[in-house]
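# Observations on the three-dimensional arrangement
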Amino acid sequence: MRLKKECETVQETELRLVGLSRSGNHAIINWIIRQIDGSYCFLNCTEPKHNPYLSTRPLNSDGKTYRTNLPDFDLEKEQQGAFSQKDCLLYNHEDCFLGPFNSSVQKEEREQWTGFSGEKKDILILRDPFNLFASRIKAGLILGHHTEHGTKPISPLTLKRLYKQHAREYLGKKKYLKNTVRVNFNFWTTDEAYRRKLAAELDLDFSDTGFQEVSETAGGSSFDGTRLSGKAVKMDLGNRWKKYADRDEFWALFDEEILELTTEIFGNIPPVKYAREHNKIAEAQEAVPVA
């Protein structure tokens, strides 16, 4: 099949979304899609340094790996380089270190994989670590809990390294991503003005359509599933951490560097204060000599 020439625009906008699993990635993706005025294709959970059309993974139990409003979309043709014309191509990466996004393979092959884009934007999604880690525990993605969604849990050490790297990128202390739009999930869930500003950054006509919906991907919310879809504001997203507030192993996940990064991005939120108090008590107990 004929590969599109480099100068022939396949999609007007290409959005590459990056975030840790359970950071609200699919809620934000759904919100973006619901406000796109035109044709789109979304490829789920793709791999860095690989063709997103080939590495996309199932969205739901039906095994479908993409979402589109193109009536004649053919994934196999896209995989072979016979690209359909679309206004927006979106694909996301979860639980990935950011170094591969700057690799020579990624830079050299990207347009062969997806075709030429009029504009490319990276979207970095970050949620505060307390509610994020609590949701991951509930979903079986950390601390050895069983997962029902076929995703292998990662070690606490790897999760902390990932979070710190993403937080530094969010703050501009590192620059692995290009033309980046930063999304603070905490603000996105609570502030309409923030969502309106974000829509402007993404060149979307703001309607807030989709904000109340809960994505079915990976079973929806770790705590609520999809039962609150259509009334997502009732989800207690800011207090998930309280579920594990009595567990020492939960607080052991938050070292001083994570607390500093969190404060810089999200402010001195209640779990930051709680973590520091808990750590002081733990340090004092360790300092008591054994008789």
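In this convention, every chain numbers its residues from 1, walking through the sequence in written order. pLDDT decides what is reported in this predicted model: residues at 70 or higher carry local features, side-chain atom pairs at 80 or more are listed and counted, and totals for whole chains, interfaces and linings draw on all residues regardless. Calculation of side-chain values draws on the structure's entire complement of heavy atoms; hydrogens and water are dropped beforehand.

### Things to note about the overall build of the protein chain
For the record, the criterion: Per the convention used, a helix needs a DSSP run of H or I reaching at least four residues, while a strand needs a run of E reaching at least two, with both numbered from the N terminus. Here the term buried applies to any residue with accessible area under 20% of the maximum for its type, exposed to any over 50%, and partly exposed to those in between, with areas from a 1.4 Å probe on protein chains only. Here, residues are in contact when the closest pair of their heavy atoms is within 4.5 Å. What sets the accessible areas is the Shrake-Rupley method with a 1.4 Å probe; for residues, cover comes only from the shown protein chains.
Within the protein chain, the secondary structure is distributed over 11 helices and 6 strands. The burial tally for the protein chain puts 51% of its 291 residues in the buried class. Look at the contacts in the protein chain between residues 6 or more apart in sequence, and 70% of them connect residues 24 or more apart. For the protein chain, the accessible area works out to roughly 14,100 Å², and carbon and sulfur atoms hold 48% of it.

### Re a negative patch on the surface
Test applied: What goes into a patch is any residue over 30% in relative accessible area without a salt bridge, connected to like charges within 9 Å or, for nonpolar side chains (Val, Leu, Ile, Met, Phe, Trp, Tyr), within 5 Å. One speaks of a salt bridge when a side-chain nitrogen belonging to Lys or Arg is within 4 Å of a carboxyl oxygen belonging to Asp or Glu. Under the counting rule used here, the positive set is Lys and Arg, the negative set is Asp and Glu, and His together with the chain ends is not counted. All charge positions are set by atom: Lys at NZ, Arg at CZ, Asp at CG, Glu at CD.
On the surface, a cluster of negative charge is made up of E12, D37, D87 and D205. With respect to the helices and strands, the residue D87 is situated in strand β4 (residues 86-94).

### Some details on the confidence of the model for the protein chain
This is how it is decided: Confidence of the predictor in every single residue is expressed as pLDDT, which spans 0 to 100.
The pLDDT averaged across the protein chain works out to 87; a share of 83% of its residues lies at or above 70. In the model, residues 1-6 has pLDDT below 50 throughout and makes 15 contacts with residues more than four positions away in sequence or in other chains. Note that residues 218-234 has pLDDT below 50 and, in this model, 47 contacts with residues that lie over four places away or in other chains.

### Thoughts on the side chain of K121
Just so we agree on the cut-off: Between N or O atoms, a polar contact is any pair within 3.5 Å; within protein, one atom must be a potential hydrogen donor and the other a potential acceptor, and residues adjacent in sequence are included only when both atoms are from side chains.
Assignment of secondary structure puts K121 in strand β5 (residues 116-126). Residue classification places K121 among the buried positions, given a relative accessible area of 6%. Side chain to side chain, K121 and D203 meet in a polar contact 3.3 Å long. If we ignore the near neighbours within four places in the chain, the residues touching K121 are E14, L15, R16, K178, N179, V181, E201, L202 and D203.

### Quick word on the pattern of salt bridges
As enumerated under the stated definition, the model contains 18 salt bridges in all. With a closest N to O distance of 2.7 Å, D255 and K164 form a salt bridge. Taken together, the residues span a long stretch of sequence, with D255 in the loop between α9 (248-251) and α10 (256-266) and K164 in helix α6 (residues 156-170) at a distance of 91 residues. Given a relative accessible area of 13%, K164 falls into the buried group. For R276, the salt bridge is made with E256, and the minimal N-O distance between the two is 2.7 Å. Taken as a pair, R276 in helix α11 (residues 270-287) and E256 in helix α10 lie far apart in primary sequence, 20 residues in all.

### Brief notes about the nonpolar core
Put simply, the rule reads: The term nonpolar core refers to a set of buried residues drawn from Ala, Val, Leu, Ile, Met, Phe, Trp, Tyr and Cys, joined through side-chain atoms within 4.5 Å.
Within the largest apolar cluster, 61 residues are counted, with the highest numbers of intra-cluster contacts made by I32, L90, I123, F130, W188, F250 and F254. Sort the elements by how many residues they give to this core and helix α1 (residues 25-34) lands first, with 6 residues. Contact partners of L90, with chain neighbours within four places excluded, come to L15, L17, I32, I33, I36, Y40, C41, F42 and L43. Core analysis: the second largest hydrophobic core is formed by 11 residues, C41, Y66, L75 and L89 among them.

### Considerations on the environment of E47
Along the polypeptide, E47 turns up in the loop between β2 (40-43) and α2 (52-55). Distance in space between the C-alpha atoms of E47 and R57 is 9.2 Å, their sequence separation being 10 residues. Not counting residues within four places of it along the chain, the set of residues in contact with E47 comprises S55, R57 and H93.

### A few points about helix α5 (residues 129-139)
Among the 11 residues of α5, 10 are classified as buried, and the element is accordingly described as predominantly covered. Taken residue by residue, α5 has P129, F130, N131, L132, F133, A134, S135, R136, I137 and A139 as its buried positions. For α5, the capping residue at the N-terminal end is D128, with a side-chain oxygen 3.0 Å from the backbone nitrogen of F130. Trailing α5 by a residue or two, G140 shows a phi angle of about 80°, which is positive.

### Looking at α10
Formally: The arc under discussion is defined with respect to the helix axis, by the directions toward the C-beta atoms.
Along α10, the residues classified as buried are I258, L259, L261, T262, I265 and F266. For α10, the buried positions fall inside an angular range of 165° around the axis, keeping them on one side. The backbone nitrogen of E257 has a side-chain oxygen 3.2 Å away, supplied by the residue at the start of α10, namely D255. Phi turns positive, to about 90°, at G267, one or two residues after α10.

### Things to note about unusual backbone geometry
Residue C45 is not a glycine yet carries a positive backbone phi of 50°. With respect to the helices and strands, the residue C45 is situated in the loop between β2 and α2.

### As for the environment of P58
Within the secondary structure, P58 sits in the loop between α2 and β3 (66-68). Accessibility expressed as a relative area gives 48% for P58, which makes it partly exposed. A C-alpha to C-alpha distance of 6.8 Å links P58 and N44, two positions 14 residues apart in sequence. Those residues in contact with P58, other than ones at most four positions away along the chain, are N44, G63, K64 and T65.

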